[in-house]
Amino acid sequence: LNLGLGVTVRDNTANTNGGGIFSIGQTTITSTTISGNSSTEYGGGVTVVGGTTTIKGSANIDNNNANYGGGIYAGGSSTVVNLTSDDPDLINVIL
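Everything quoted here is computed from the prediction, not taken from an experiment. (Residues numbered from 1 in each chain as written. Predicted model: local features only at pLDDT ≥ 70, side-chain atom pairs only at ≥ 80, totals over all residues. Heavy atoms only, no water.)

**Re the overall build of the protein**
Thought 1: Summing up its helical and strand segments, the protein has zero helices and 13 strands in all.
Thought 2: Listing each helix as α and each strand as β along the protein from the N terminus yields β-β-β-β-β-β-β-β-β-β-β-β-β.
Thought 3: For the protein, buried positions account for 42% of its 95 residues.
Thought 4: Within the protein, contacts between residues at least 6 apart in sequence are counted, and of these 69% link residues at least 24 apart.
Thought 5: About 4900 Å² of surface is accessible on the protein, with carbon and sulfur atoms providing 44% of the total. (Helix = DSSP H or I, 4+ residues; strand = E, 2+ residues; numbered from the N terminus. Buried < 20%, exposed > 50% of the residue type's maximum accessible area, 1.4 Å probe, protein only. Contact = heavy atoms within 4.5 Å. Areas by Shrake-Rupley, 256 points an atom, 1.4 Å probe, with all protein chains shown as cover.)

**Some points on the environment of Asn67**
Thought 1: With respect to the element layout, Asn67 can be found in the loop between strand S10 (60–62) and strand S11 (72–75).
Thought 2: Taking the C-alpha atoms as reference points, Asn67 and Thr40, separated by 27 residues in sequence, lie 6.3 Å from one another.
Thought 3: Other than its neighbours up to four places away in sequence, Asn67 contacts Ser39, Thr40 and Glu41.
Thought 4: Polar side-chain contacts of Asn67 include one of 2.6 Å to the backbone oxygen of Thr40. (Polar contact = N/O pair within 3.5 Å; in protein donor to acceptor, adjacent residues only side chain to side chain.)

**Description of unusual backbone geometry**
Thought 1: A positive phi is found at Asp11, a non-glycine position, where the angle reads about 60 degrees.
Thought 2: Here Asp11 lies in the loop between strand S2 (8–10) and strand S3 (13–14).
Thought 3: Of the residues examined, Asp11 reaches a relative accessible area of 59% and is grouped as exposed.
Thought 4: The backbone of Asn63 sits at a positive phi, close to 55 degrees, despite the residue not being glycine.
Thought 5: With respect to the helices and strands, the residue Asn63 is situated in the loop between S10 and S11.
Thought 6: You can call Asn63 exposed: its relative accessible area is 63%.

**Quick look at the side chain of Ser23**
Thought 1: Along the chain, Ser23 turns up in strand S4 (residues 21–24).
Thought 2: Classification of Ser23 by relative accessible area gives buried; the value is 4%.
Thought 3: Side-chain polar atoms of Ser23 contact the side chain of Thr27, separated by 2.8 Å.
Thought 4: Apart from residues no more than four positions distant in its own chain, Ser23 is found in contact with Leu1, Thr47, Val48 and Val49.

**Things to note about the pairing of S11**
Thought 1: A two-sided burial pattern is seen for S11, the buried positions comprising Ile72 and Ala74 on one face and Tyr73 and Gly75 on the other.
Thought 2: The pairing of strand S8 (residues 46–49) with S11 spans four bridges and is classified as parallel. Each bridged residue has a counterpart across the sheet, and for Val48 the counterpart in S11 is Ala74. (Pairing = 2+ DSSP bridges.)

Below, the structure written as structure tokens:
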């Protein structure tokens, strides 16, 4: 999955995983807004299972809500690169 410049994923809800986005495999998020999404379990904004998730440019991932990984949940053999945040609820990586 590749999300490019100017994409906005906002105000979505999932009953289990990936309120805004659910992706299996390599995922690239470039200068994208992911905001106001929620799920009852994993990854309010983004759930990625397997592969590498790369954050590029000025991605804005905020105000998402889930029990695990409010912003991003990376499960399985996932790796998240190029992500800097002071928000402890932004990401949850379970390997």
